[in-house]
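Letter by letter, the chains look like this.
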Amino acid sequence: VYRHLMVTAGISRVLNDLATIEKTRKNYKDALAFQLEAYQIRSETSHLQGKLTSLNELGEIYLKLADHPEAEKYLLEAKTLGETLSAKAKRFRTYFLLSQLYKKTAQPEKALACYEKFHELKEEVLGQNSTNEIKRLQNQFDREKSEREAEIERLKNVELKSAHEAISIKNKEILDSIHYAKRIQHSLLPTEIFIERILKELKK
């Protein structure tokens with residue numbers, strides 16, 4: 001599908017994944033064919049991050065095939081490109097593979113130097129990942145706290161509104177009772193005209 005659509009990034013990604021599958025199956029020659037094609041596409045399209053991934057993968061595959069000169073060639077290219085891109089996560093893998101290569105080719109000093117660099121970069125990456133995770137959790141906490149406070153404020157407003165409505169209803173009931181009592185009182189008390197008539201009659 002990607003070939004039909006001419007989506008080079010998609011093609012190289014699928015080729016990389018196919019190479020990974022074949023590498024897992026220990027079909028290193030098939031893995032190599034897929035990865036070399038992915039590397040070629042990434043080089044032609046200047047997809048540098050993808051190219052760095054392919055260089056590491058090719059170095060590992062050649063290492064599995066015990067083709068040490070080819071493994072070193074691709075891994076050293078990965079080392080140079082990785083330093084240019086400052087891609088620490090991929091760079092520490094390059095140094096790990098180089099340490100394995102130099103160990104297999106009986107170059108202990110180089111193996112040690114590369115392993116130390118691998119360990120240094122790995123610690124930096126893990127530290128950065130931890131920092132990023134802490135920031136993510138802090139942001140999540142702040143967002144959830146803000147949402148909780150907004151919900152509390154909303155509930156307060158709802159409660160205040162309900163209380164205000166209850167007070168208004170109670171006030172109306174009291175006023176209605178007062179008005180009703182006044183009406184009863186007025187109905188029971190004699191009118192002024194009636195009182196005047198009575199008083200006139202008593203004066204007679």
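Summarised in this report is the structure supplied together with it.

Rules of the game
Residues numbered from 1 in each chain as written. Predicted model: local features only at pLDDT ≥ 70, side-chain atom pairs only at ≥ 80, totals over all residues. Heavy atoms only, no water. Helix = DSSP H or I, 4+ residues; strand = E, 2+ residues; numbered from the N terminus. Buried < 20%, exposed > 50% of the residue type's maximum accessible area, 1.4 Å probe, protein only. Areas by Shrake-Rupley, 256 points an atom, 1.4 Å probe, with all protein chains shown as cover. Contact = heavy atoms within 4.5 Å. Core = buried A, V, L, I, M, F, W, Y, C linked by side-chain atoms within 4.5 Å. Phe/Tyr/Trp six-rings, centres within 6.5 Å; stacked < 30°, edge-to-face > 60°. Patch = residues over 30% accessible without salt bridge, like charges linked within 9 Å, V, L, I, M, F, W, Y side chains within 5 Å. Salt bridge = Lys/Arg side-chain N within 4 Å of Asp/Glu carboxyl O. Lys, Arg positive; Asp, Glu negative; His and termini not counted. Charge placed at Lys NZ, Arg CZ, Asp CG, Glu CD. Axes fitted to C-alpha atoms, helices over the stretch in contact; angles between N-to-C directions. Parallel < 35°, antiparallel > 145°, perpendicular 65-115°, else oblique. Left-handed = near helix turned anticlockwise from the far one by under 90°. Nonpolar A, V, L, I, M, F, W, Y, C, P; charged D, E, K, R; others polar. Expected span 1.5 Å × (residues − 1).

Below, the discussion takes up the overall build of the protein chain. For the protein chain, the count of helices and strands is eight helices and zero strands. Seen in sequence order, the protein chain has helices and strands lined up from the N terminus as α-α-α-α-α-α-α-α. Taking all 204 residues of the protein chain together, 25% fall into the buried category. Counting every atom, the protein chain has about 14,600 Å² of accessible surface; 58% of that belongs to carbon and sulfur.

As for its position among the elements, Gln35 is in helix H3 (residues 28–44). Excluding residues within four positions of it along the chain, Gln35 makes contact with Asn16, Ala19, Arg42, Ser54, Glu57, Leu58 and Ile61.

As a further point, take the nonpolar core. By size, the foremost hydrophobic cluster in this structure holds 27 residues, and its most contacted members are Leu55, Tyr74, Leu98, Leu101 and Tyr102. Those elements that provide at least two residues to this core are H3, helix H4 (48–64), helix H5 (68–85), helix H6 (88–104) and helix H7 (108–188). Apart from the residues within four sequence positions on either side, Leu101 is in contact with Leu63, His68, Ala71, Glu72 and Leu75.

Counting across every chain of the model gives five aromatic pairs. Centre to centre, the rings of Tyr115 and Phe118 are 5.3 Å apart; their planes meet at 50 degrees, and the pair counts as tilted. Here the residue Tyr115 and the residue Phe118 both occupy positions in helix H7, the gap between them amounting to three residues, near one helical turn. For Phe118, a relative accessible area of 8% corresponds to the buried category. A network of ring pairs unites the aromatic residues Phe92, Phe96, Tyr115 and Phe118 as a single cluster.

Take a positive patch on the surface next. A cluster of basic residues, Lys26, Lys64, Lys103 and Lys104, forms a positive patch on the protein surface. The topology assignment puts Lys26 in the loop between helix H2 (8–24) and H3. Lys26 gets classed as exposed once you look at its relative accessible area, which sits at 61%.

Here the focus is unusual backbone geometry. In this model, Lys26 sits at a positive phi of 65 degrees, which is unusual for a non-glycine residue. Positive phi, normally seen in glycine, also occurs at Ser46, with a value near 55 degrees. Tracing the backbone through its elements, the reader meets Ser46 in the loop between H3 and H4. Using a relative accessible area of 51% as the deciding quantity, one classes Ser46 as exposed.

The next subject is the packing of H2 against H4. It is the contact of H2 with H4, at a shortest axis distance of 12 Å, that shows an interaxial angle of 20 degrees. The orientation of H2 with respect to H4, classified from their angle, is roughly parallel. Our pair here, H2 against H4, has a crossing hand that is left-handed. Where H2 approaches H4, its residues Asn16, Thr20 and Lys23 are matched on the opposing element by Thr53, Ser54, Glu57, Glu60 and Ile61. Looking at side-chain class alone, the contact of H2 with H4 contains one nonpolar, four polar and three charged residues.

With that out of the way, let us pick up H3. Each α-helix winds once per 3.6 residues, and so residues spaced three or four apart point in a common direction. Taking 1.5 Å of rise per residue, the 17 residues of H3 would be expected to cover 24 Å, and the 24 Å separating its terminal C-alpha atoms lies within 8% of that figure. Along H3, the residues classified as buried are Tyr28, Ala31, Leu32, Gln35, Ala38, Tyr39, Ile41 and Arg42. Looking at the buried residues of H3, the elements they touch are H2, H4 and H5.

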